[in-house]
Each structure stands twice: as structure tokens, then as C-alpha cells.
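Observations on the model geometry
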Amino acid sequence: MEMGSNGALEYLLFVLTVLIIFHNCDECTADGGDTLSLGASLTGNQTIISKNGTFELGFFSPNGTSNWYIGIWYGKVAEKTVVWVANRETPAKKRPGVLKLSTQGSLDLFDAEGASFWSVNVSDKASRAIILDSGNFVVLSSDNKSEIAWQSFDHPVDTWLPGMKISGKEKLVCWNNSLDPAPGHFSYQMDPSGTRQFVLRWNNSVQYWESGAWDGKRFNQIPEMTLKGSFRYIVENTTSDFYISYELSPALNVLTRFVLHKSGVFQLYALFDDTTWSVTWSQPRDECTVYKVCGAYGSCNSNNVQFCNCVQGFIPRDNRSWSLQDWSSTGCVRQSPLNCDAENDSTDGFIDSRATLADNQAFYIPCNDEERLRESVPPQLLLHCVYFQSAFRNMRDLVWRFAKHAQFSITK
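Residue numbers here run from 1 along each chain, matching the order of that chain's written sequence. Note on the predicted model: pLDDT of at least 70 is required for a residue's local features to be given, and 80 or more for side-chain atom pairs to be given and counted; whole-chain, interface and lining totals, by contrast, use all residues. For side-chain calculations, the full set of non-hydrogen atoms in the structure is used, while hydrogens and water are omitted.

When you go through the protein chain residue by residue, the secondary structure sums to five helices and 30 strands. Element-wise, carbon and sulfur atoms account for 49% of the exposed surface of the protein chain, whose accessible area totals about 21000 Å². A run of H or I in DSSP counts as a helix once it spans at least four residues, and a run of E counts as a strand once it spans at least two, with each numbered from the N terminus. All accessible-area figures derive from a Shrake-Rupley calculation using a 1.4 Å probe, and residue coverage is judged against the displayed protein chains alone.

Okay, the sheet that holds strand β14 (residues 159-160) next. By definition, two strands form a pair when at least two bridges between them are found by DSSP. With antiparallel pairing, the four strands of this open sheet are ordered in space as β14-β21-β22-β23. The open sheet terminates on both sides in strands that have one partner only, identified here as β14 and β23 (277-283).

The next thing to look at is the pairing of β23. Where strand β22 (residues 266-271) and β23 come together, six bridges link them in antiparallel fashion. Directly across from Leu-271, in β23, lies its bridge partner Trp-277. Between the antiparallel neighbours β22 and β23 lie five residues, among them Asp-274 with a positive phi of about 65°.

Note that Thr-280 resides in strand β23. Using a 1.4 Å probe on the protein chains alone, a residue whose accessible area is under 20% of its type maximum counts as buried, one over 50% counts as exposed, and one in between counts as partly exposed. Relative accessible area serves as the criterion here: at 46%, Thr-280 is assigned to the partly exposed category. Taking the C-alpha atoms as reference points, Thr-280 and Leu-268, twelve residues apart in sequence, are found 5.7 Å from one another. Contact definition: two residues touch when any of their heavy atoms are within 4.5 Å. The residues contacting Thr-280, other than those within four sequence positions of it, are Leu-268 and Ala-270.

What follows is about the packing of aromatic side chains. Aromatic pairing here means that ring centres of Phe, Tyr or Trp (its six-membered ring) are within 6.5 Å. Orientation follows from the plane angle: under 30 degrees is stacked, over 60 is edge-to-face, and everything else is tilted. The tally for this structure, following the rule as stated, stands at 26 aromatic pairs. On the numbers, 6.3 Å between centres and 75° between planes, the contact of Phe-60 with Trp-73 is edge-to-face. Taken together, the residues Phe-60 in strand β4 (residues 55-60) and Trp-73 in strand β5 (residues 67-74) connect sequence positions 13 residues apart. Centroid distance Phe-198 to Phe-219: 5.1 Å. Interplanar angle 50°. Geometry classified as tilted. Of this pair, Phe-198 sits in strand β17 (residues 198-202) while Phe-219 sits in the loop between β18 (206-210) and β19 (231-237), and the two are 21 residues apart along the sequence.

Here we come to the sheet that holds strand β2 (residues 41-43). Spatial ordering of the open sheet is given by β2-β8-β9-β10, a layout of four strands whose pairing is antiparallel. On the outer flanks of this sheet lie β2 and β10 (116-119), each paired with one strand and no other. Within the sheet, the average angular offset between the axes of one strand and its neighbour, ignoring direction, is 20°. Taken together, the three bridges between β2 and strand β8 (residues 98-101) define a ladder with antiparallel strand orientation. Bridge pairing links Thr-43 to Val-98 in β8. In this description, a line fitted to the C-alpha atoms serves as the axis of each element, helices being fitted only across the stretch in contact, and the angle between N-to-C directions of two axes falls anywhere from 0 to 180 degrees.

For the bond running from Gln-283 to Pro-284, omega is -10°, close enough to zero to count as cis. One can find Pro-284 in the loop between β23 and β24 (298-300). Phi is positive for Asn-204, close to 60°, though the residue is something other than glycine. Assessed through its relative accessible area of 44%, Asn-204 is described here as partly exposed.

Examined against the element boundaries, Thr-276 turns out to sit in the loop between β22 and β23. Look at Thr-276 and you get partly exposed, because its relative accessible area is 47%. Through-space distance from the C-alpha of Thr-276 to that of Ala-78 is 8.5 Å; in sequence the pair is 198 residues apart. In this view, Thr-276 contacts Ala-270 and Leu-271; residues no more than four positions away in its chain are not counted.

The term salt bridge refers to a side-chain nitrogen of Lys or Arg lying within 4 Å of a carboxyl oxygen of Asp or Glu. In this structure the tally under the stated criterion is four salt bridges. Between Lys-51 and Asp-34 there is a salt bridge, with the nearest N and O atoms lying 3.6 Å from each other. Remark: Asp-34 occurs in the loop between α1 (6-22) and β1 (35-37) and Lys-51 occurs in the loop between β3 (47-49) and β4; sequence separation between them is 17 residues. With relative accessibility at 13%, the residue Asp-34 sits in the buried group. With its nearest N and O atoms 4.0 Å apart, the salt bridge here joins Arg-218 to Asp-215. In this structure Arg-218 comes out as partly exposed when scored by relative accessible area, which is 27%.

As for its placement among the helices and strands, Ser-323 is situated in helix α2 (residues 319-323). Remark: the alpha-carbon pair of Ser-323 and Gln-306, spanning 17 residues in sequence, is separated by 9.9 Å. Under the rule applied, a polar contact is a pair of N or O atoms within 3.5 Å (in protein, one hydrogen donor and one hydrogen acceptor; residues adjacent in sequence only if both atoms are side-chain atoms). Here the side chain of Ser-323 touches Arg-320 through a polar contact of 2.6 Å, landing on its backbone oxygen.

As a further point, take the pairing of strand β15 (residues 171-177). Among the seven residues in β15, five count as buried, and that is most of the element. Hairpin geometry of β15 and strand β16 (residues 180-190) is characterised by an intervening segment of two residues between the two adjacent antiparallel strands.

We now examine the nonpolar core. To form a nonpolar core, buried Ala, Val, Leu, Ile, Met, Phe, Trp, Tyr and Cys residues must be joined to one another through side-chain atoms within 4.5 Å. Formed by 81 residues in total, the largest nonpolar core has its most connected members in Leu-99, Phe-137, Trp-160 and Tyr-188. Of the residues forming this core, the biggest block, five residues, is contributed by β5. Apart from residues lying up to four places away in sequence, Leu-99 is in contact with Leu-36, Ala-40, Ser-41, Leu-42, Leu-57, Phe-59, Ile-70, Leu-107, Asp-108, Leu-109 and Trp-118.

Our next topic: the side chain of Thr-54. With respect to the helices, strands and loops of the structure, Thr-54 is situated in the loop between β3 and β4. Only 2.8 Å separates the side chain of Thr-54 from the side chain of Asn-52, close enough to count as a polar contact. If near-sequence neighbours (up to four positions away) are discounted, Thr-54 is found in contact with Trp-73, Tyr-74, Gly-75, Lys-76, Asp-133 and Leu-255.

Structure follows, in C-alpha cells:
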């Protein structure tokens, strides 16, 4: 390859950067064990692995992208299953970069140009970093080498592992989509109002599910989660907070993880054979009760494998996002301009979403059929519709604004 090519120059710059970062260190790379020692680093396909081999930490790139992240995944599971991402909002571009525990005791992630774009903020200098069998990545203090100065369990992404504590300070936030671990719209957390219960929320504002209050043994709306001898919650009360973690019986030879899906559903996965994850519990049970799960102008049918579709006359705003099941953030757009001006032969109107509809049985209400509209549209939506009619005196605004605020759900 000619030295003048961009690819060769970028590669040389990357190699020089790695050499500079490694300069004068006693241990230039991790040894493949569970520890990143002072002065050591990870790059490329190098990883550290927990003592029992359950978890592995290193660089990964979602399929089809050029973005690189430091993450933790299951070391013995055939399909890479990521449970934690360090730099979920700031990926390295094109090449993995370098994760280094400096001799000054800080943990930093450098890009190909040598700039630090993610680091661990610890009050004490670090002595080493370890990936534990629990999946927790911990940085130990240099003053007290058994004291945890920082841990990944305090900074969860979308996955709740056994032993990980959740309080009012920590929350799970779903991936944006299957190729982008950046924060999505849905979160799982302790109730911000102070009630001792878990809640699911959209955009940190709209609450669409709750676990029920903790009664000392269980959350009163999910009694099935107290299986004797197999699963139990661990509760810690302090003067300032309320902590919940969970554990499984040591006799059970199974891996489990709770995951907040990008569709806003919270699920418990179990792995029995090292190959296939099974969903053993899910809330809300009906995906269509998740707030704005299908986005603007979307319809939801929980009987379908892909439960989100666009309402009649609309198409996905972004086909790629929909192929990744990222419906909430993109939604649908009108396929053709709205036409409500004709006196008697208008082709636009409302679909009555209260009825039980087959795919080809949606009946149609022209915009200018005021009497039928009042008979068919639910009262709470009709009031909203009438308000805009009187405010704008324009049927085009009436239809547009009614459809924008309506939420469609179809069942069979």
C-alpha cells in the first residue's frame, strides 16, 4: 500500500498512538486473566476474563457499524450477549482505541489519535481493575487494595444482574436500538415519588407500569417473582435510600438477567444450555400498553410478531429504524397529502379503533361526517377534537391534531 493513502496514514498514527500510551509501562497489555494492572492496557481483540470464565471485558462493535465500545459480555455463551457498556454515548470510530489503567491510577479510554474520551472518576487513585465472576468491573483503591473505588454495577445500562443493587439513584435505560447502545426512551427505576416500588417510564416523564409497593417480602403486583428456594430479593434500608438486589439459589445451574428492551418491555431471561436465552417473565404483559411504543401515527397489535405498524394512510418515517424495531423514536408519516376539503367525496377520515378489527375490516369515517364521527369516536378524544375545531375552524387542522394525539390499539 502506498504511504500516501489515507488508510495507511491512519494506521500508522494509530500504531504510534498505542506506542506512546504504552511508553515506560511495566505491563503493556493485559495477560488474559481477570485483572488490568497498573500501567496495563487493552486494545484490539484483547480481553480480560473473570476467574470462572462467566464474563469477559473488551472492545466490541455492533454488527454493521464502525463504532467501538468497551463492554462486558458472557464469556461462555455462543451468541455475544452484552450486559454493560462503558462509553455508550461516545463510541470510538473505525478502530477500538485503547483502555488503559495509567500509572497515575486513572482508568481512561483513548481514541486512535490518543485523546481520552471516557474515563473513570474516582476520588482515590486506582491500584488495579478486575472483572468479577458476578459481571461487576471494579477499580480498587491504591490506599486500601480491597476497597472498591469505582464499580460498573453503580452505572448500569439496560441489564440488571444478580447482586447488582438498584436504588433511587440507579436506573436501567434501554438501548436506542440493537446497533446503538446509546440511551433510548424507556427507563426502569425505583419510583421517583419515594414509593418503594419499581416503575417503567417513557422519556423520564410518563409512567406506564409499576411493580406495586414492597410489603417486606415481595412487590404486591408481581407475586410470581417470589419463587421459594430459587429466587429472592435482598433489601437494604439506609437513612438516605432503599436498595434492592436479587440472587438465585446456588443449587440452580442457570444464568439469569433482567433486560429493559428497546420496546419498553422489562424481561427476565434465563439460559439453561449455554446456547439459547429464554424469556421467563415479562412486564407489561401486553406490549401495546407501553407508552408510545409504536411512535407517532403507529398502531399496535400484540397478536403480531412485529406488533407495531403504521395506521392506514401512513408509512414508517425511517425504514432502517423500523427494521431494527426502533418504532418509538421514529413513528410514521403521512403517505400522501391530507384531503378533507371535498364536500361529499372526501377520501380521508378516522378509523374507529374501539372495534375488534381484522386486517381488512377497518371501517372508515369521512372527516366531514360529523354525526357519525360523534357516534364512533370515544368521548375523551371527541372533546379534544371539538376543541381544535372551534379553535382553528379548519377541518384539516382538526384531522391532523386529532390523529397526532390519538393512540391506536387493535386486538383480534
